[in-house]
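Each chain is listed here by its residues.
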Amino acid sequence: MRVPYFPGCSLKDFADNFEKSAFASASVLGVELVELPEWYCCGVVAPLEEDELIRKVAPARNFLRTKELGGNKLVTLCSMCYNTLKLTNLYMKKNPDKLERINSFMDEEENYDGTVEVIHFLELLRDIVGFEKMREKVKKPLKGLKVAPYYGCLLLRPKEVAIDSLEKPTVMEDLLKSLGAEIVNSPLKKTCCGSYQVINNKEVASKLVYKIITAVTKRGGEAVVTSCPLCHYNLDSLQKDLSDKYPGYKEVPVFYFTQLMALAFGLEEEVLGLEKHEVNPLNLLKSKGLI
Amino acid sequence: MRVGVFVCHCGRNIAGTLNIEKIKEEVAKHSGVVHVEDYIFMCSDPGQKLIRDRIKEKNLDAVVVSACSPSLHEKTFRNNAASVGLNPYKVEIANIREWASWPHEGKPEEATEKAIKIIKATVEKVKSNIPLEPLSVPVTRKVLVIGGGIAGIQASLDIANAGLEVYLVEKKPSIGGKMAQFSETFPTLDCPQCIETPKMTEVANHPNIHLYAYSEVVDVSGFVGNFKVKVKRKATYVDWNKCTGCSECAKVCPVKVSSEYDVGVSQRKAIYIMFPQAVPNKATIDPEHCLRLVYGKGCGLCAKTCPAGAINFEQKEKIEEIDVGAIIVATGFDVMDPSLLTEYGGGKYKDVISALQFERILAPSGPTGGKVVRPSDGKEPKTVVFVQCAGSRDPEHYMPYCSKVCCMYTAKQALLYKHAVPNGHAYVFYIDVRTDGKGYEEFYERVLREAEATYLRGKVAEIYKEDGKLKVLGVDTLTGKGVEINADLVVLATAAVPSEGIKELAKVLRIQTDEYGWLKEAHLKLRPLETATSGIFIAGAAQFIRDITDTVSHASGAAAKALSLLSRNRIEREPLVAEVNEEICSGCGNCVEACTYQAIKIDPETNIAKINTALCEGCGACQASCPSAAIQLTNSYKKQLFEMISILAKE
Amino acid sequence: MKGSLILKKVNSEFIRKIVEVSGVNVFACYQCGRCSASCPLVEEMDILPNQMVRLVQLGNEEVLNTATPWICATCFSCTARCPLGIDIAKLAEALRSISLRKNIDKVKINQISFGELMKLPQIALVSNFRKNTSVS
Amino acid sequence: MEGAFLESNPENKGNIKKIKESVNRFLQQLLEKKVVEWVLTPYINPENPLPERRIITKPEEAIKADPLTPVIPGFPMSTFVSEITREKPISKPLAVLLKPCEAASLVELVKFRQANLDNLLTIGVDCYGSYHVLDFKKMVEEGEKPFERMINALKNNKGDELFRTACKTCLKPVAENTDLNVGIIGVNNLFIQANTSKGTETLKKIGLKIVENKERDQKIKELIEERGEKRKGMFKEFLKELHGLHKLNKFFEDCINCHNCMEVCPICFCKECFFESELHPYVYEKYIKFTIEEGTIQELEGKLQFHLGRLIHMSTSCVSCGLCEQACPQEIKLFKLCGPVSENVQKSFNYRAGEKLEETPPITTFYEEDLGLTEKQAE
Amino acid sequence: MAEKSVEEGKEKFEPVIVGFFCRWCTSEAADLAGTIRLQYPPNIRPIRVMCSGFIDPIYVLKAFLEGADGVLIGGCHLGECHYINGNYKAQTRVKVIKEVMKSLGLEEERLRLEWISTSEGLKFAEVANEFTEQIRRMGPNPLKKLKRE
């Protein structure tokens, strides 16, 4: 199966381990993510103003490229790209007059007709591949690894774009269970990590990360799993300071779900890009006999 | 055809805008019109006399009164004409006030033009009207009351005391409804056992009331005054004629099931009496859990124990048919299942409960004997958080409406809790406190002083368990601060919702529900006790959530409506029904499909449509479905419509 | 914010502007405060999200000088939980936009140290600039 | 699909004479083996170039049956079936041979209780196309053989310019609702296709060997696809020709209000047509009156009322047989109107007339989803 | 007609609209509009019928053929029909007519179906205003021109 894929900025640099592990595990499942030949910034954190349509042009271009690839589904890995593209797409579908104006901004290109569907890689795995099929491909079950799924905001909110139940999501839990991991359910799995506020208000983000991580460790969690490069950055890198600030603070490694997939599928360690992590996951993985 | 047209001035209401002389002049030219006359108030005594005189003098055989809306005076003018021997259906109203003079005040000429067209079209209609006599049908002077809560009980007693027979059908094994589950009632703090139980007993002993407990209405046919009702009497597996209600059976029954009456706070047995004061006070076996009934053999301990030999595992359900003239629907309400409120941990945490469950915990006759303990570990909760509007006033996620009684019962519960746990503390999250009833505001004030509860103005965001406590995340909008409370027990004032199965029942009764399932009244303001189907009335919270005071008043109102309907032996119906031209009918059955009331059948002998005029409501859907003009509505014939259209459509 | 509101005339021009930019009908709000109860960053804000809505309802332009819209991380918790379906995240965006369109940037790239810049994921930088600067 | 080959002798492959003989032998067997008592079929009329409709009861009569004839002479077969079975089901088993459009209209008539299928064995006859009665007559008179012409066109798969417009755009070359089909499309030999258990039983009773035939399925599919393309283009053209009141008026310029189109229409089953009732101005006296009072205008209104009104009545059930066009003495191309309009109406209700017996016509059912409400409410 | 305002040398076109109003809701709404003196154009000529489900499509056709420039059908909101589902029937029938009109380029916008309940006097006036304006913009029923030719 070949599916058009939108990477977005971070997947090409900061989070290239996310992309690499996703590509590798996708190919185990017979899925080929075909990168758009030419792509534009998603417009990060959906442009919400009603009166500035120019910000929605880049997503429209991405959808045109998708159609040129001969697809009508566009897959993203990054939660923020997913959210932005999906929201903008829905906006264009709901407001044909606005879509017309957006189209008028792209004079040389063909008009976008609103027929592309944006899906997150998690949805593809759940709805098209199926977790049962994934279970068959597991070579190294993540036995005994207590992981806490962390959704953050943008996969679930607002409700128009939610890939799962808003209040009680299970997609990551089901995925990780199929890999053999043990699930730790934290009530803060939908709480914001501080997002881009990490730049202006590092303290704010830091406090949130403290809450999120301690809620996990309190419940016996050994690792956090996410699907967003920004969540990953906040949850991973801000922990260093927390150890200094709070005596007895227990650091936990943060993974992208695709890293755990690759691990369970028995792929080579180098696709995981574990060296990029601030909180070293090696000890944990070794202790569980996973590397 | 000799048509007389009478043009009313309605003071200046009509004459102030319309050119009466022009109207008279134009209308007089219309074919068939032999007399035109105007008067300042046609509906006044002299005005009516004028019409009567002209009918006689001019030998009129049809009359058009050009005046106000037919919904105001159609009856008046028809009766007036009838008094001098003109068939009332030969009188039609042309509405030139609401439809011409009033809405076009600034355009007198166009308005006059429009009025002339309306009058001419009405003249065309009345010319082809045929004289009709009202249909008179006998009535069965008995009433069916569906639902045995306080509404059904009150309505049944009112009707039975007036001397009419009542069939009271209740789906549970006992009557009493929600009220029997309450601890104490606001604002008087009476216990329902003291005020409802006597009424329940009265129902059981009343010679005019046939109580069908553990029964359901499965089919209703017929029409006002003549309903035929099929009632399913479910198998109780206990011969109620023998059962004495001694409860020995329940003592020996080995199966424990969550109690519906206690809303899961306690357990009952597979053979059970709903509660000690149940009426009828008879045992019922729950076939889904009884070992004998599930496996078809074994157990049978109850049968061995029963001193009266009342247990009968072979009992079958029965369908009984009853004839009634009116039906009162008093099916009440339910509360939203707390497990739907996932963000509040409903259904997930044992100590997040619904207010109805808390009623049972507070009730002196409840499973804990009135001792307030929490479900998870039986400990006394020291911090209780009440969350109001849980599922109410939330069009985005749940119910958009205000559930109306929660403010009051939450206040009551906070007070009763304080009485039971003097060193405990209650927090109440609210959006607005609504106390719209006699003595309610006073009661709320009493609670504020006496319960020492902390009222927080804000809606709770979410609840989760942290370190053994229930963490409630809320806000106090008055101080502008976020709020976190670590609670022992959370009580959700879950939204009131229509009772389960009401939509199916409404279908059986051919009455309407609104989008949530509340029964739809004929008119929200003026006919709140009636449904659009004549002869079927609503009592109590089935129409919309209401407190006990209002429910009882509403039920008495419904009873009065039913009594007034059945005060005579016959009732009259409008004779405007469909009729078939057998020569033309090809028996295609389109009309059968189009008829909502199953009033049309194809006669298998002749292959021609036949109408049961008793069932026909006169909507005319059949005539629109007929490709030839074989089925038509009396006095709305296609010919009439065609003539009217051709007048109105021309420039 | 102290002082009393002198409501001689509600600044409907300001409200109209907000509605135009956000597409949100702020009058629907009945001030239940659930947005504030749901907001993970509420501790850092000078006024609560529901108060932000309130000020807009009153047509009070002072809302532009509060920190709240700038602390908002667009996590949509408020939007998702609002019983009336009011998109409060959109409202915050509109408030930011109105300020930003006066060419006032809330962050400057040169305030971020080079080390940080190299470390931060691209997504953090771009999203921050999108929300906090007039360059888009 | 399954069914049986009638012609096992490979030497006779595609022999036109043999095809006719085989079908008739099949009908003969139906009667001989007492599968049915009667067979209602087109029949050679020695007096007239056009076939007639006849009920045959004796096996030997089957020799002159002409079920494959590429013409519908006058009324459709479904009207005959309606006449016979409307009042009560027939007493003895009867086989009826129907062209696909006739079979479809029969289904609609059953829905409107105008025909009864009890005791009926319905046999569809593949129809590659049929000729206008006048063309057919002329051909016969001039010594050309219309049946052979049609078969040759079928064999070469090139259609025939002379086919009726309804046939050129027909998407139902094979009947969908019959117990059996006499198959000539997609087969070299004659193939009797069984669609129902009753059909299969019949084949067994006659002693035919039942086989699968996928090749025919494929060929039929291809034919329908090819026709579908053509139909799309032609319908678009037709509607363009009729677009707007002026063009419509021009279209009906020659209409003489004879109502032959209604008379022959298989869907128009009313005992008295609403448009011929006293409410309508083309009743003789009224017609004169209007002519005197308002010039000839009423004529136009009367025509439009009749044709548009009829369209409103029957477009939900129209089976595109095109007989209205054939019946028009003024040669008004009525199929250009009812074909595409009915298709649009039926599409909007997601309904196809004559397709399924259990489907109710949209005009008698009031489903919310038909009206696109579910979508609206979801918003 | 009284006000013959002159527009570009032409008479202002005053459309004729035939209204079929359900007696349980839209007729009542029209009454209400009058009672509270809402002003709307006098172009709509009303017929009070039992139910929108009573309306035979042929009536609509008849109105157009008699020269009406527009037809407005008013019924109860879906789910609120006095006869339970008459308005669904109306909707189906209107859909057939509209589909026929649309296919033949007969300006199906000249036919409008609206749900107006008893209490919606304001909506009635708004619909009357808006529909009259719409028909005014569309111009006269082409049949009138055809008749004159």
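No experiment lies behind these values; they were computed from the predicted model shown.

1. Regarding the environment of Arg137(E)
Thinking step 1. Inspection of the secondary structure puts Arg137(E) in helix H4 (residues 121–138).
Thinking step 2. Between the C-alpha atoms of Arg137(E) and Phe13(E), which are 124 residues apart in sequence, the distance is 8.9 Å.

2. Some points on the pairing of strand S19 (residues 383–390) of chain B
Side chains on a regular strand alternate between the two faces of the sheet.
Residues and elements named next belong to chain B.
Thinking step 1. Counted residue by residue, S19 has eight buried out of eight residues, so it is predominantly covered.
Thinking step 2. Across five bridges, S19 lies against strand S20 (residues 425–430) in parallel orientation. Directly across from Phe386, in S20, lies its bridge partner Val428.
Thinking step 3. Considered for its hand, the β-α-β crossover made up of S19, helix H14 (residues 406–420) and S20 is right-handed.
Thinking step 4. For S19 and strand S25 (residues 489–494), the ladder comprises five bridges, and the chain directions are parallel.

3. Brief notes about a nonpolar patch on the surface
Thinking step 1. Residues Ile55(D), Phe75(D), Phe80(D) and Ile84(D) make up a contiguous nonpolar surface patch of roughly 310 Å² in combined accessible area.
Thinking step 2. By the element assignment, Phe75(D) lies in the loop between strand S3 (52–56) and helix H2 (77–85).

4. Here's the deal with the interface of chain E and chain B
Much of the literature gives interface size as the accessible area that the parts lose upon coming together.
Thinking step 1. With 49 residues of chain E at the interface, the matching set in chain B holds 48 residues.
Thinking step 2. Taking both partners together, chain E and chain B bury about 4,400 Å²; carbon and sulfur atoms supply 60% of that area.
Thinking step 3. Together, Pro42(E), Arg45(E) and Phe54(E) form the three largest contributors to the area buried by chain E at its contact with chain B, with a combined 14%.
Thinking step 4. Applying the counting criterion to the chain E and chain B interface returns four salt bridges.
Thinking step 5. Among the ionic pairs, Glu651(B) bridges to Lys144(E), the shortest N-O distance being 3.9 Å.
Thinking step 6. Counting every contact that joins chain E to chain B gives 22 residue pairs in polar contact (both at pLDDT 80 or more).
Thinking step 7. Elements that contribute at least two residues to the side of chain E that touches chain B include exactly strand S3 (17–22), helix H1 (26–35), strand S4 (44–49), helix H2 (57–65), helix H3 (86–103) and helix H5 (142–148) of chain E.
Thinking step 8. Grouping the amino acids of the side of chain E that touches chain B by side-chain chemistry returns 26 nonpolar, nine polar and 14 charged.

5. A word on a negative patch on the surface
All names here are of chain D.
Thinking step 1. On the surface, Glu222, Glu225, Glu226 and Glu229 cluster together to form a negatively charged patch.
Thinking step 2. With respect to the helices and strands, the residue Glu229 is situated in helix H8 (residues 214–242).
Thinking step 3. The exposure class assigned to Glu229 is exposed, which follows from its relative accessible area of 56%.

6. Topic: the interface of chain A and chain B
Thinking step 1. In this complex, chain A contributes eight residues to the contact, which on the side of chain B involves eight residues.
Thinking step 2. Buried surface at the junction of chain A and chain B, summed over both partners, amounts to about 760 Å²; 43% is from carbon and sulfur atoms.
Thinking step 3. If you sort the residues of chain A by the area they bury against chain B, Glu167(A), Pro187(A) and Lys218(A) come out on top, with a joint share of 45%.
Thinking step 4. At the boundary of chain A with chain B, the tally comes to five residue pairs in polar contact (both at pLDDT 80 or more).

7. Topic: the domain arrangement of chain A
Residues and elements named next belong to chain A.
Thinking step 1. Considered domain by domain, chain A is made up of domain 1 (2–121) and domain 2 (131–287).
Thinking step 2. One C-alpha centre belongs to domain 1, the other to domain 2, and the line joining them spans 25 Å.
Thinking step 3. Tallying the contact residues gives 27 residues for domain 1 and 30 residues for domain 2.
Thinking step 4. Regarding the contact of domain 1 and domain 2, the summed buried area is about 2,500 Å², with carbon and sulfur atoms giving 73% of it.
Thinking step 5. Viewed at the interface, domain 2 and domain 1 are joined by one salt bridge.
Thinking step 6. One salt bridge connects Lys276 with Asp16, and the closest N-O pair in it is separated by 2.9 Å.
Thinking step 7. Connecting domain 1 to domain 2 are 11 residue pairs in polar contact (both at pLDDT 80 or more).
Thinking step 8. Contributing elements (two or more residues each) for the side of domain 1 that touches domain 2: helix H1 (16–28) and helix H3 (79–94).
Thinking step 9. Top contributing element to the side of domain 1 that touches domain 2 by residue count: H1, with nine residues.
Thinking step 10. For the side of domain 1 that touches domain 2, a count of residues per class yields 16 nonpolar, seven polar and four charged.

8. Regarding the nonpolar core
Thinking step 1. Counting residues in each nonpolar core, the largest one holds 193 residues, and the members touching the most others are Phe121(A) and Leu179(A).
Thinking step 2. Non-local contacts of Leu179(A), meaning those with residues more than four positions away in its chain, are made with Met134(A), Val138(A), Pro141(A), Leu142(A), Leu260(A), Met261(A), Ala264(A) and Phe265(A).
Thinking step 3. Counting residues in hydrophobic clusters, the runner-up holds 170 residues, among them Tyr237(B), Phe275(B), Leu529(B) and Leu61(E).

9. Overview of the pairing of S3(E)
Residues and elements named next belong to chain E.
Thinking step 1. Buried residues dominate S3, accounting for six of its six residues.
Thinking step 2. Bridging between S3 and S4 involves six bridges; their strand directions are parallel. Bridge assignment links Phe21 to a residue of S4, and that residue is Arg48.
Thinking step 3. For the handedness criterion, the β-α-β arrangement of S3, H1 and S4 is classed as right-handed.
Thinking step 4. Summarising the sheet, S3 and strand S5 (residues 70–75) pair through five bridges and their orientation is parallel. What sits directly across from Ile17, in S5, is Gly70.

10. Quick look at the sheet that holds strand S1 (residues 2–6) of chain A
Residue and element names in this part refer to chain A.
Thinking step 1. Strands sit in the order S2-S1-S3-S4 across an open sheet of four strands; the sheet is parallel. With one partner strand each, in any of the chains shown, strand S2 (32–35) and strand S4 (117–120) form the two edges of the open sheet. Within this sheet the neighbouring strands show an average axis-to-axis angle of 45°, counted without direction.
Thinking step 2. Note: S1 against strand S3 (residues 73–76), two bridges, orientation parallel. Looking at the pairing, Phe6 lines up with Thr76 of S3.
Thinking step 3. The sheet contacts of helix H2 (residues 57–68) involve S1, S3 and S4, and relative to S3 the element is tilted by about 115°.
Thinking step 4. Each of S1, S2, S3 and S4 touches helix H5 (residues 121–129); the most contacted strand, S4, lies at about 90° to it.

11. Focus on the environment of Asp113(A)
All names here are of chain A.
Thinking step 1. For Asp113, the position within the fold is in the loop between helix H4 (96–105) and S4.
Thinking step 2. In this structure the C-alpha to C-alpha distance between Asp113 and Val252, which are 139 residues apart in sequence, comes to 45 Å.
Thinking step 3. If we ignore the near neighbours within four places in the chain, the residues touching Asp113 are Lys67 and Leu99.
Thinking step 4. In this structure the side chain of Asp113 is engaged in a polar contact, spanning 2.7 Å, whose partner is the side chain of Lys67.
Thinking step 5. At a separation of 2.7 Å, a polar atom in the side chain of Asp113 contacts the side chain of Thr115.

12. Focus on empty space enclosed by the protein
Vacant regions in the atomic arrangement are exposed by a probe of water-molecule size rolled over the atoms.
Thinking step 1. The computed volume of the largest cavity comes to approximately 500 Å³.
Thinking step 2. As for the largest cavity, its lining consists of 30 residues, and the residues nearest its centre are Glu74(B), Glu92(B), Lys125(B), Arg48(E) and Val49(E).
Thinking step 3. Elements that contribute at least two residues to the lining of the largest cavity include exactly helix H4 (70–82), strand S4 (91–95), helix H6 (108–128) and helix H20 (638–648) of chain B together with S4 of chain E.
Thinking step 4. The class makeup of the residues in the lining of the largest cavity is 17 nonpolar, six polar and seven charged.
Thinking step 5. What the second largest cavity holds in volume is close to 360 Å³.

Cut-offs and rules
Residues numbered from 1 in each chain as written. Chains lettered and ligands numbered in written order. Predicted model: local features only at pLDDT ≥ 70, side-chain atom pairs only at ≥ 80, totals over all residues. Heavy atoms only, no water. Helix = DSSP H or I, 4+ residues; strand = E, 2+ residues; numbered from the N terminus. Buried < 20%, exposed > 50% of the residue type's maximum accessible area, 1.4 Å probe, protein only. Pairing = 2+ DSSP bridges. Right-handed = clockwise from strand over helix to strand, strands pointing away. Patch = residues over 30% accessible without salt bridge, like charges linked within 9 Å, V, L, I, M, F, W, Y side chains within 5 Å. Areas by Shrake-Rupley, 256 points an atom, 1.4 Å probe, with all protein chains shown as cover. Salt bridge = Lys/Arg side-chain N within 4 Å of Asp/Glu carboxyl O. Contact = heavy atoms within 4.5 Å. Buried area = accessible area lost by both parts, 1.4 Å probe. Polar contact = N/O pair within 3.5 Å; in protein donor to acceptor, adjacent residues only side chain to side chain. Nonpolar A, V, L, I, M, F, W, Y, C, P; charged D, E, K, R; others polar. Lys, Arg positive; Asp, Glu negative; His and termini not counted. Charge placed at Lys NZ, Arg CZ, Asp CG, Glu CD. Domains from an automatic or database assignment. Core = buried A, V, L, I, M, F, W, Y, C linked by side-chain atoms within 4.5 Å. Axes fitted to C-alpha atoms, helices over the stretch in contact; angles between N-to-C directions. 1 Å grid on protein atoms, 1.4 Å probe; cavity = no way out; pocket = protein on both sides within 12 Å on 5 of 7 lines; lining within 4 Å. Points joined across faces, edges and corners; volume = space filled by probe spheres on them.

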